[in-house]
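Commentary on secondary and tertiary structure
Chain by chain, the residues run as shown.
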Amino acid sequence: MPPTSVSPDAVDAVIVGAGPAGLTAGYLLQKAGRTVLILESDPTYVGGISRTVSYKGYRIDVGGHRFFSKSVEVNRLWDELLPDGFIERDRLSRIYYGGQYYSYPLKPGEALRKLGAREIARCLASYLKARAFPRAAPATFEDWVVNQFGERLYRIFFKTYTEKVWGMDCRSISADWAAQRIKTFSLGKAVAHALLPSLGPASPITTLLRSFKYPRRGPGMLWEECARRIVAGGGSIRMGCRATRFEYSKQAPRWLVEYRDGGGAIRHARGRHLVSSLALKDLVRHASPAMPPAAAAAADRLEYRNFFAAALVVPGPALFDDQWIYVHEPGVKAGRVQNYRSWSPDMAPGPEATCYGLEYFCSATDELWRMSDADALDLARREFKAIFGKDVSAADGCVVRQPRAYPVYSLDYQTSLAAIRSALDENFTHLHLVGRNGMHRYNNQDHSMVTAMFAAANILADRQLFDPWGVNSDAQYHESGHGGRLAPIAVAT
Ligand SMILES: Cc1cc2nc3c(=O)[nH]c(=O)nc-3n(C[C@H](O)[C@H](O)[C@H](O)COP(=O)(O)OP(=O)(O)OC[C@H]3O[C@@H](n4cnc5c(N)ncnc54)[C@H](O)[C@@H]3O)c2cc1C
C-alpha cells in the first residue's frame, strides 16, 4: 500500500493538466496574486499535446503546431512569454495522392495537369449536381462535404484522409466537425474556386493563410517558459502527478483532489476552485459525489482518437522543404509526414541529417496503437520508402505517442455532452472546464487558451463573467455578464 499524505496542500485553484489551457489559467491566476497548484501526469514535459519532445538533439513537435490566432489577448500573451522567441514561417505543405504531389492550397494549373481533364470534368459535374440537389438535413461529415463540394472532390480530397484520422466511416462522423473545421479548412472550396472562376477568389481563410508564427525551438519552448514563470512567481507545478479523484464539498465550498505522485504515493490538494483540462470522461468517472447514472453513461460514450509520430533521423539533406505532407494515398497507413526542420532550423542540431515524423492516427484498441515502438519504426521505414522511394531501413528513430489526441465527434456526442454538462452544473460549483479534452471540443491552442482566460476571469471575479462554451462554437464568444473584454477568435483552423 502506498503511503497517504496527511497534510494536503491548500490553494485558491487546483489545476489539472499543464497543457496550454492549464498553464494559461495558472499563469493568469498566479499573476493576479492567487495561489495555484498544477498537477501534470507527464513526468518530463509540460505543454500537453503542444509539448516538444527531444531525441538526440532533434526536436519533435507532436502534430506540428502552427501559431495563429485572431484573439488579441492570445497573441499578446504569446509575445509576453516569448518576446524574442517567435519566427515567422511561410506555410509549405502538399498533398500526396495517386502517386502525385499536389500543392496545398491547390494551384489550378497544376491540379488540372495532374488530375487530368476527364477527372476535372467529373469533379465539376458532381459539384454542380450537389449544388442543384443537395442532401436534405445533412447530419454526417459525408453529407456536409458532398453538399459543399460534390461527391467526386469529397472522394479524392476528404474521404481517405478523414477516415485515416478518425478511423471511422465519414457517414458516422457528425456534420458538426465538418462545419467547425471545414468552414475554414477549405481544400474543396479552393478546388471549387479554382475550377469555377465565376465563384471569385477563395476567401482568405485561416488554414490557407500563407504564414504563421512558430517558437524557434517548437511549441514546448513557449509552454516551458510559461511554466518557469509560474514557478518563479510562487505557483507549484507537480510533474509526474496524476489526479485520480475529485471530491467536492458543497458546504465549504471546496475541492479535494486526490493524486498519485511519481513515486506512487497518494496525495491530496485542496482548492476553492478546480480548473480541469483532463479528459471530461475521466473527470465524470472520478468525481465525488458520484455523477447520476445517465451522466456517467454519457461520459462512457465519449470517444477519443490516439496519435503517434514515428520519427526517423535520415542522414543527408531534406527530401522536401514542406513542413508536412498529407498522405491521401489509401495504401499507406501514415496520414502525414513532417519535416520538423522546415518548421524551424533550431529543431535540428545541424544539417547533416533530417528528422521526419510519420504520423499515424489510431484508437486505443487498434493493432497500430498496440504495436511496439520497434514495429512502429519498421512500419514507418517501409512506408517512407513507399512514399519517397528512398531506402531508410537503417535510420535511427523514436516513437512519440499521444493518447486522446482528438476528441471524437461521433453522431451522439452532443447529446452525451449535454447530459454531462447539466449534471456537472447541478452538482458542482467552482468547477471550470477548459481546453480540448477538458471540454471534449476540437480546440486549437488558442481556443484552449481563451477558455482558460475565461475561467481565470470568472475565478477572479468570483462569478460567471464569460461562457467558455461559446469559444470555438461560432465566430462570436458569448459573454454571460458585463465587463468582458476578451476579443473573439473568428472560427479558426
Ligand atoms: C495532430 C495535432 C495537430 C495540432 N495542430 C495544432 C496547430 O497547428 N495549432 C494549434 O494551435 N493547435 C493544434 N493542435 C491542438 C493543440 O494541440 C491543443 O489545442 C492543445 O494542446 C490543447 O491544450 P489543453 O491544455 O486543452 O490540452 P492538452 O494539450 O491535452 O493538455 C492536457 C494536459 O493534462 C494532462 N493530464 C491529463 N489527465 C491528467 C490527470 N488525470 N492528472 C494530471 N494531468 C493530466 C496531460 O498529460 C496534458 O499535459 C493540434 C493537435 C493535434 C492532436
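Everything discussed here concerns the structure shown above.
Our subject in this report is the structure included herewith.

Analysis parameters
- Residues numbered from 1 in each chain as written.
- Predicted model: local features only at pLDDT ≥ 70, side-chain atom pairs only at ≥ 80, totals over all residues.
- Heavy atoms only, no water.
- Phe/Tyr/Trp six-rings, centres within 6.5 Å; stacked < 30°, edge-to-face > 60°.
- Helix = DSSP H or I, 4+ residues; strand = E, 2+ residues; numbered from the N terminus.
- Buried < 20%, exposed > 50% of the residue type's maximum accessible area, 1.4 Å probe, protein only.
- Contact = heavy atoms within 4.5 Å.
- Polar contact = N/O pair within 3.5 Å; in protein donor to acceptor, adjacent residues only side chain to side chain.

Remarks on the packing of aromatic side chains
Counted by the stated rule, this structure contains 27 aromatic pairs. Residues Trp 166 and Tyr 442 carry aromatic rings whose centres are separated by 6.2 Å and whose planes lie at 50 degrees to one another, so their mutual orientation is tilted. With Trp 166 in helix α6 (residues 151-166) and Tyr 442 in the loop between β19 (431-433) and α16 (445-461), the pair connects residues that are 276 residues apart, well separated along the chain. Of the two residues, Trp 166 and Tyr 442, both sit in the buried class. Here the aromatic rings of Phe 384 and Phe 388 are separated by 4.7 Å at their centres, their planes lie at 50 degrees, and the arrangement is tilted.

Quick word on the environment of Arg 135
In this fold, Arg 135 is placed in the loop between α4 (117-132) and α5 (141-149). Look at Arg 135 and you get partly exposed, because its relative accessible area is 28%. Along the chain, Arg 135 and Asn 147 lie 12 residues apart, while their C-alpha atoms are 6.3 Å from each other. Contacts of Arg 135, omitting those with residues within four sequence positions, involve Glu 142, Asp 143, Val 146, Asn 147 and Glu 151. A polar side-chain atom of Arg 135 sits 2.9 Å from a polar atom in the side chain of Asp 143.

A closer look at unusual backbone geometry
Backbone geometry follows two general trends: most residues other than glycine have a negative phi, and most peptide bonds adopt the trans configuration. Cis peptide bonds are those with omega within 30 degrees of zero, and the linkage from Ala 252 to Pro 253 qualifies with -25 degrees. Inspection of the secondary structure assignment puts Pro 253 in the loop between β10 (242-249) and β11 (254-260). Pro 289 follows Ser 288 through a cis peptide bond whose omega is 5 degrees. Of note, Pro 289 is situated in the loop between β13 (287-288) and α11 (293-301). Despite not being glycine, Lys 56 has its phi angle at roughly 50 degrees, a positive value.

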